[in-house]
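In case you want the letters, here they are:
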2 protein chains.
Amino acid sequence: MNAIGPWDRFDEAQAQVLHGNGAFLVAVDATGHPNAMTIGWLQLGTIWSRPVCHVLVRPSRYTHGCIEARGAFTVNVPLGTMVEELTVCGSRSGRDLDKFTELSLRTTPGTKVKAPLLVGCGVAYECRVVARAELDPTGILDEGIRAKYYPRGDFHTLFFGEILAAWEINA
Amino acid sequence: MNAIGPWDRFDEAQAQVLHGNGAFLVAVDATGHPNAMTIGWLQLGTIWSRPVCHVLVRPSRYTHGCIEARGAFTVNVPLGTMVEELTVCGSRSGRDLDKFTELSLRTTPGTKVKAPLLVGCGVAYECRVVARAELDPTGILDEGIRAKYYPRGDFHTLFFGEILAAWEINA
C-alpha cells in the first residue's frame, strides 16, 4: 500500500467510474459494521483550499445514514477488477445483507478515518466529511437529467470529504 | 487550439488553482459583455454519467448573475502565467470595471457555449450549467471551514457545468 498524491491516478479512476463498472463507496454504520455501495459518479478537486472528494448519495440508501453517523467514508476504485463485487454492492442493500461477509471482502483499516479500505482496489481515498448540500427540484436545470435520474424526486445529497490520504493498494 | 479529453491536464490544472495563482472563471452578463473572476477552487469528475466541472460562486459576485443569466461558463487555467490578470480579476468587480478591456484580454469564442475562451491560458473548459445547489449553515460541518470562509454567512452557490469541450490553448 503506497501513499500517492490525491490527483495521481485521477484519469484511471474516472475511466473506471464512467466507462468501467464503478467504484466502492465504503462507510461504517452505527453498530460498527462496514458497508459498501457501488458508485458511478465521483469528483475530485480543490475546495476550501484542500483536496476534496465529492460523492452523491440518495437519502434512501443505507450508506447515506452511515456517512451521516460517522462523518467519514472511503472511495475504493478497482481498476478493471472485482466486477462481481461491484454488481452485488450496486444491487443489494446493507440493510438486508452484510456485503463484506457475503463477498469475503478483505479490508485494511483506514489510517486517517474510521472506515476501512478494500484490498484489491487499485486506488483508494480516505475522506473526512467537511460539508454537504442537497440537490432539490429547483437545482436540476437540465430536463434530461431530471427525467432520467429523478423521476421520483429522490434527489441526491452531495457529500464533500476532505481527502486525508490517497493510496495505491495491491492484493 | 487543440481538443483534449476533459481529464487530460487535471493534475496541472489542480496545481495551478491550489498552489499557483488560480484560474479564470468567465461568463457573459445580460448585456453581452464577458466578465472574468479569479477562482482558486475547482472540481472535475463524473456526475449524471457525463464529465462535469464544479465551481463555487458567492451570490454577491457579479459572475453569479452572469452564470445564472446565461447558463454557461468557461474555466481558463493559465499554467504559471497571467499573474497580473489573475490579481486584477480576483480583486475588482465586473460591476465597476470592464476587465476584458482594462487588461486587453484576448479571447476566442466558445465553440459549444456562449462564453469566450481566454487566449494565453494553457487549458480551458467550456461548460453548460446543468445543476446548482446552495451551501447553507447546516451544510458546513467543519468549524474551521466555517470560521475561515463563512464568517459573514455568505455561502457559495455550487454550479455544475457539463464539460462540452476541453482545450489546450496557446498564445
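Only a predicted model underlies this, so the values are computations on that prediction, with no experimental measurement involved.

## Let's talk about the overall build of chain A
Here's step 1: The helix and strand tally for chain A stands at five helices and ten strands.
Here's step 2: The C-alpha atoms of chain A give a radius of gyration of 15 Å, which matches the 16 Å a tight globule of 171 residues would have.
Here's step 3: Based on the C-alpha atoms only, the size of chain A along its principal axes is roughly 45 × 40 × 30 Å.
Here's step 4: The 171 residues of chain A split such that 57% are buried.
Here's step 5: Sequence separation of at least 24 residues holds for 73% of the intrachain contacts in chain A that already meet a minimum separation of 6.
Here's step 6: Positive and negative side-chain charges in chain A, numbering 16 and 18 respectively, have mean positions lying 4 Å apart.

## So, the pairing of strand 3 (residues 34-39) of chain B
All names here are of chain B.
Here's step 1: Extensive coverage of strand 3 is indicated by the burial of five of its six residues.
Here's step 2: With six bridges joining them, strand 2 (residues 23-28) and strand 3 adopt antiparallel strand pairing. Each bridged residue has a counterpart across the sheet, and for F24 the counterpart in strand 3 is T38.

## Comments concerning the confidence of the model for chain A
Here's step 1: Averaged over every residue, the pLDDT of chain A is 95; residues scoring 70 or more account for 99%.
Here's step 2: This complex was scored by the predictor with a pTM of 0.97 and an ipTM of 0.96.

## Overview of the pairing of strand 6 (residues 72-77) of chain B
Residue and element names in this part refer to chain B.
Here's step 1: For strand 6, the tally of buried residues reaches six of six residues, placing the bulk of the element in the interior.
Here's step 2: Burial of strand 6 is two-sided: the residues A72, T74 and N76 facing one way and the residues F73, V75 and V77 facing the other way are all buried.
Here's step 3: Relative to strand 6, strand 2 is paired through three bridges, and the arrangement is antiparallel. Paired with V26 across the bridge in strand 6 is T74.
Here's step 4: Both strand 6 and strand 9 (residues 123-134) contribute to a ladder of six bridges, which runs antiparallel. Note on strand 9: the bridge partner recorded for F73 is C127.

## Topic: the nonpolar core
Here's step 1: Counting 54 residues, the largest nonpolar core has F73(A), V75(A), Y125(A), F73(B), V75(B) and Y125(B) as the members making the most contacts within it.
Here's step 2: Not counting residues up to four positions away in its chain, the partners in contact with V75(B) are A23(B), F24(B), L25(B), I39(B), L42(B), C53(B), V55(B), V123(B), A124(B) and Y125(B).
Here's step 3: Counting residues in hydrophobic clusters, the runner-up holds 32 residues, among them I47(A), A133(A), L56(B) and I145(B).

## Here's the deal with the relation of the copies chain B and chain A
Superposition of the two copies of the chain requires a rotation about an axis together with a shift along that axis.
Here's step 1: When chain B is fitted to chain A, the best match, at an RMSD of 0.0 Å, comes from turning it 180° and sliding it 0.0 Å along the axis. In the structure described here, the two chain copies are related by an operation that fits a two-fold rotation axis.
Here's step 2: In this assembly, 100% of the residues forming the interface of chain B have copies in chain A that are likewise at the interface, indicating an isologous arrangement.

## Quick notes on the interface of chain B and chain A
Here's step 1: Between chain B and chain A, the residue contacts involve 37 residues of the former and 37 residues of the latter.
Here's step 2: Of the roughly 3,200 Å² buried between chain B and chain A on both sides combined, carbon and sulfur atoms contribute 63%.
Here's step 3: Sorting the residues of chain B by area buried against chain A places Q43(B), T46(B) and W48(B) first, and these three jointly supply 21% of that buried surface.
Here's step 4: Counting across the interface, chain B meets chain A through two salt bridges.
Here's step 5: Its salt-bridge partner being D142(A), residue R128(B) comes within 2.8 Å of it at the nearest N-O pair.
Here's step 6: At the level of secondary structure, the elements contributing two or more residues to the side of chain B that touches chain A comprise helix 1 (10-19), strand 4 (42-47), strand 5 (50-57), strand 9, helix 5 (143-149) and strand 10 (157-168) of chain B.
Here's step 7: Here the residues of the side of chain B that touches chain A are counted per class, giving 24 nonpolar, eight polar and five charged.
Here's step 8: Note that strand 4 (residues 42-47) of chain A and strand 4 of chain B share five bridges and pair antiparallel. Residue T46(A) lies in a different strand from strand 4 of chain B, and its bridge partner there is L42(B).

## Looking at the packing of aromatic side chains
Here's step 1: In the structure shown here, the tally under the stated rule is eleven aromatic pairs over all chains.
Here's step 2: Between W48(A) and F160(A) the ring centres are 6.0 Å apart and the planes differ by 85°, which places this aromatic pair in the edge-to-face class. Placement of W48(A) in the loop between strand 4 and strand 5 (50-57) and of F160(A) in strand 10 (residues 157-168) is noted, with a sequence separation of 112 residues between them.
Here's step 3: Chaining the aromatic ring pairs together yields one cluster made of W7(A), F10(A), W7(B) and F10(B).

## Overview of the pattern of salt bridges
Where side chains of opposite charge bring their charged atoms close, a pairing between them can arise.
Residue and element names in this part refer to chain A.
Here's step 1: Evaluated as defined, the whole model comprises 19 salt bridges over all chains.
Here's step 2: As a salt-bridge pair, R58 and D154 come within 3.2 Å of each other at their nearest N and O atoms. One end of the pair, R58, is in the loop between strand 5 and helix 2 (62-70); the other, D154, is in the loop between helix 5 (143-149) and strand 10, with 96 residues separating them in the sequence.
Here's step 3: Residue R58 is classed as buried on the basis of its relative accessible area of 18%.

Parameters at a glance
Residues numbered from 1 in each chain as written. Chains lettered and ligands numbered in written order. Predicted model: local features only at pLDDT ≥ 70, side-chain atom pairs only at ≥ 80, totals over all residues. Heavy atoms only, no water. Helix = DSSP H or I, 4+ residues; strand = E, 2+ residues; numbered from the N terminus. Rg over C-alpha atoms; globule rule 2.2 N^0.38 Å. Buried < 20%, exposed > 50% of the residue type's maximum accessible area, 1.4 Å probe, protein only. Contact = heavy atoms within 4.5 Å. Lys, Arg positive; Asp, Glu negative; His and termini not counted. Charge placed at Lys NZ, Arg CZ, Asp CG, Glu CD. Pairing = 2+ DSSP bridges. pLDDT = per-residue confidence, 0-100. Core = buried A, V, L, I, M, F, W, Y, C linked by side-chain atoms within 4.5 Å. Least-squares fit on C-alpha atoms with pLDDT ≥ 70 in both. Buried area = accessible area lost by both parts, 1.4 Å probe. Salt bridge = Lys/Arg side-chain N within 4 Å of Asp/Glu carboxyl O. Nonpolar A, V, L, I, M, F, W, Y, C, P; charged D, E, K, R; others polar. Phe/Tyr/Trp six-rings, centres within 6.5 Å; stacked < 30°, edge-to-face > 60°.

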